[in-house]
Amino acid sequence: MRAVFASLFPVIIQFTRFILVQTQDQCRQFTSCEQCAGVVDSVISCRWCLDSSKCVPSKYLCHPWKTVIHDINCPTSKLPTTYNDTFLRTEVAIYIQAANRVSEYSPVGAPMSCLMKLDGNVAVLYELDVPTQLEGRTIGVLIGVNHNLRHIFIGFRSTNDPVQFVSQFYVFMMGWFEDFPLGGRMVAIYSRMYKNILDFGFDTCLEESVKKYPTYSLLVTGHSLGGAMATVFSLHVAMKYPQKETRLYSLSAPRSGDETFVRLLKQYIFEQFRVVRDGDFVPDSPFRVSQTIETAHHNSFEIFYGSHMAVDNYVICDQPETEYCLKGSWWKKPVAHMYLFDQNFFNYHLGYCE
């Protein structure tokens, strides 16, 4: 047996060397990240090396943290210039606080008690507390209007029940994906919630709102679970009203859809911002055990804040997935998920906005 192996070993080495050279030649023909990342030949996928700016056939030829194998994660030089820190912390954050009070636990009028903090002419149009079938809880949806800014806003409630929180992580751990009606594949709990919300009459409420204010743009937002559902529904809204500008502001959102879904967001959404606070563990879920198996991906653009979220203490990341932005510090703590912009987003049995 040893003699047979000894005679075959040089052949195996030569064959492996031949395959590697052939693969290297095929990958080297690509001169940009978008051309390179994700291209698969008969042997191995090509990967873009950030530190050397070249296309290689193996992740071991460049630093693992500086390897791109999904074209949607390629760095971009066209960073948005319209992000407004003040607008997010003084307007959008209030929309989310109001949406978090669309709940059986909150008193009547609680969402409006938050919106009254705004200086503009703002009104609630619809409150939907939607029963969800998968985990047997509800998810809140708020549709309102800001006349001063001339937009209709749609806010989704974050997790307000322990069972709902645990259910999401069970689905994450199972790697449960489903086909998404608008394209691509989706984390199953979010695709099920999407259907539940539509069946509850979301489109009818939105159509009535748009009919009443036909010249207004659309803004979709949410925190945590609400951020994931805002991401999902931003595509629904943008495809339903392609003539309108649809903006997405998600805070502390987990990943929700696959690469096809992310490409659709890029195609249809007028403006999208994904806010992450350093130390927050939720945006790094569902966990990415491997980049080569089916997984959810983040959309651009990530707005990464330092741990204290001081005014203008942020960077706009040039990649949706990067060790330097999304991952942030090695330590994680729940407070980084629940407190943003000096406001409490811990959503449990909330009353009126104080």
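Residues numbered from 1 in each chain as written. Predicted model: local features only at pLDDT ≥ 70, side-chain atom pairs only at ≥ 80, totals over all residues. Heavy atoms only, no water.

For the chain, the name recorded in an unreviewed UniProt entry is Fungal lipase-type domain-containing protein, with Caenorhabditis brenneri as its organism.

Enquirer: Provide a residue-level description of the overall build of the chain, including the pertinent values.
Expert: The number of helices and strands found in the chain is eleven helices and 15 strands. Split into buried and exposed, the 354 residues of the chain put 54% on the buried side. In the chain, 70% of the contacts between residues at least 6 apart in sequence involve partners at least 24 apart. Of the roughly 16,500 Å² of accessible surface on the chain, 57% is carried by carbon and sulfur atoms. (Helix = DSSP H or I, 4+ residues; strand = E, 2+ residues; numbered from the N terminus. Buried < 20%, exposed > 50% of the residue type's maximum accessible area, 1.4 Å probe, protein only. Contact = heavy atoms within 4.5 Å. Areas by Shrake-Rupley, 256 points an atom, 1.4 Å probe, with all protein chains shown as cover.)

Enquirer: Outline the pattern of salt bridges, supporting the account with residue identities and numerical values.
Expert: Oppositely charged side chains may form a pair once their charged atoms are brought near each other. Per the stated rule, a full pass over the model turns up 15 salt bridges. We note a salt bridge from Arg192 to Glu178, for which the minimum N-O separation is 2.6 Å. Note that Arg192 is positioned in helix H6 (residues 188-199) and Glu178 in strand S7 (residues 177-179), a separation of 14 residues in sequence. A residue is classified by how much of its surface remains accessible, and Arg192, at 34% relative accessible area, is partly exposed. The salt bridge involving Glu302 is made with Arg274; its shortest N-O contact spans 3.1 Å. Here Arg274 lies in strand S11 (residues 271-277) and Glu302 lies in strand S12 (residues 302-305), a separation of 28 residues in the sequence. In this pair, the class of Glu302 matches that of Arg274, namely buried. Residues joined by salt bridges that share partners form a network here, namely Asp71, Glu259 and Arg263. (Salt bridge = Lys/Arg side-chain N within 4 Å of Asp/Glu carboxyl O.)

Enquirer: Tell me what's going on with the packing of H6 against helix H8 (residues 225-240), and back it up with residues and numbers.
Expert: One can describe the packing of H6 onto H8 by two numbers: an axis separation of 10 Å at closest approach and a directional angle of 65°. The element H6 and its partner H8 pack so that their crossing is right-handed. The residues of H8 that touch H6, namely those facing Tyr190, Met193, Tyr194, Ile197 and Leu198, are Leu225, Ala228, Met229, Val232, Phe233 and His236. For the contact of H6 with H8, the residue count by class is ten nonpolar, one polar and no charged. (Axes fitted to C-alpha atoms, helices over the stretch in contact; angles between N-to-C directions. Left-handed = near helix turned anticlockwise from the far one by under 90°. Nonpolar A, V, L, I, M, F, W, Y, C, P; charged D, E, K, R; others polar.)

Enquirer: So what's going on with the state of the cysteines? Which residues, and what values?
Expert: Tallying each qualifying case throughout the model produces six disulfides. At a sulfur-sulfur separation of 2.1 Å, the disulfide partner of Cys27 is Cys46. Judged by the torsion about the S-S bond (-90°), the Cys27/Cys46 disulfide is left-handed. One end of the pair, Cys27, is in helix H1 (residues 2-28); the other, Cys46, is in the loop between helix H2 (33-36) and strand S1 (47-49), and 19 residues separate them in sequence. The disulfide partner of Cys49 is Cys62, and the gap between their sulfur atoms is 2.3 Å. Of the two residues, Cys49 is situated in strand S1 and Cys62 in the loop between strand S2 (54-56) and strand S3 (67-68); the sequence distance between them amounts to 13 residues. Residue Cys49 is classed as buried on the basis of its relative accessible area, which comes to 1%. (Disulfide = S-S within 2.5 Å.)

Enquirer: Pulling in residues and values, what's your account of empty space enclosed by the protein?
Expert: Tallied over the full model, the rule gives one cavity of 30 Å³ or more. Of the volumes computed, that of the largest cavity is approximately 50 Å³. Forming the walls of the largest cavity are Thr231, Ala253, Pro254, Arg255, Ser256, Phe261, Val262, Leu265, Arg274, His297, His298 and Asn299. When residues in the lining of the largest cavity are grouped by element, the largest group, three residues, is from helix H9 (residues 259-268). (1 Å grid on protein atoms, 1.4 Å probe; cavity = no way out; pocket = protein on both sides within 12 Å on 5 of 7 lines; lining within 4 Å. Points joined across faces, edges and corners; volume = space filled by probe spheres on them.)

Enquirer: How would you sum up the sheet that holds strand S4 (residues 122-131)? Please name residues and give values.
Expert: The strands making up a sheet associate through backbone hydrogen bonding, with each pair oriented either parallel or antiparallel. Spatially, eight strands are ordered S4-S5-S6-S9-S10-S11-S12-S13 in an open sheet, and the strand pairing comes out mixed. Among the strands making up the open sheet, the edge pair consists of S4 and strand S13 (314-316). Sheet twist, expressed as the mean angle between neighbouring strand axes with direction ignored, is 15°. In the packing of helix H3 (residues 85-99) onto the sheet, the strands contacted are strand S5 (138-146), strand S6 (151-156), strand S9 (217-223), strand S10 (246-251), S11, S12 and S13, and the crossing angle to S9 comes to about 70°. (Pairing = 2+ DSSP bridges.)

Enquirer: Report on the nonpolar core, specifying residues and quantitative values.
Expert: Ranked by internal contacts, the top residues of the largest apolar core, which has 46 residues, are Ile154, Phe156, Tyr190, Ile197, Phe202 and Met229. Of the residues forming this core, the biggest block, nine residues, is contributed by H8. The contacts of Met229, once residues within four sequence positions are left out, are Ile139, Phe156, Tyr190, Met193, Tyr194 and Ile197. (Core = buried A, V, L, I, M, F, W, Y, C linked by side-chain atoms within 4.5 Å.)

Enquirer: Summarise the sheet that holds S3; cite the residues concerned and give the values.
Expert: Reading across the sheet, the three strands line up as S2-S1-S3 and stay open at both edges, with antiparallel pairing between neighbours. Strands at the two margins of the open sheet, each flanked by one partner only, are S2 and S3. One ladder, built from three bridges, connects S1 with S2; its direction is antiparallel. Each bridged residue has a counterpart across the sheet, and for Cys49 the counterpart in S2 is Lys54.

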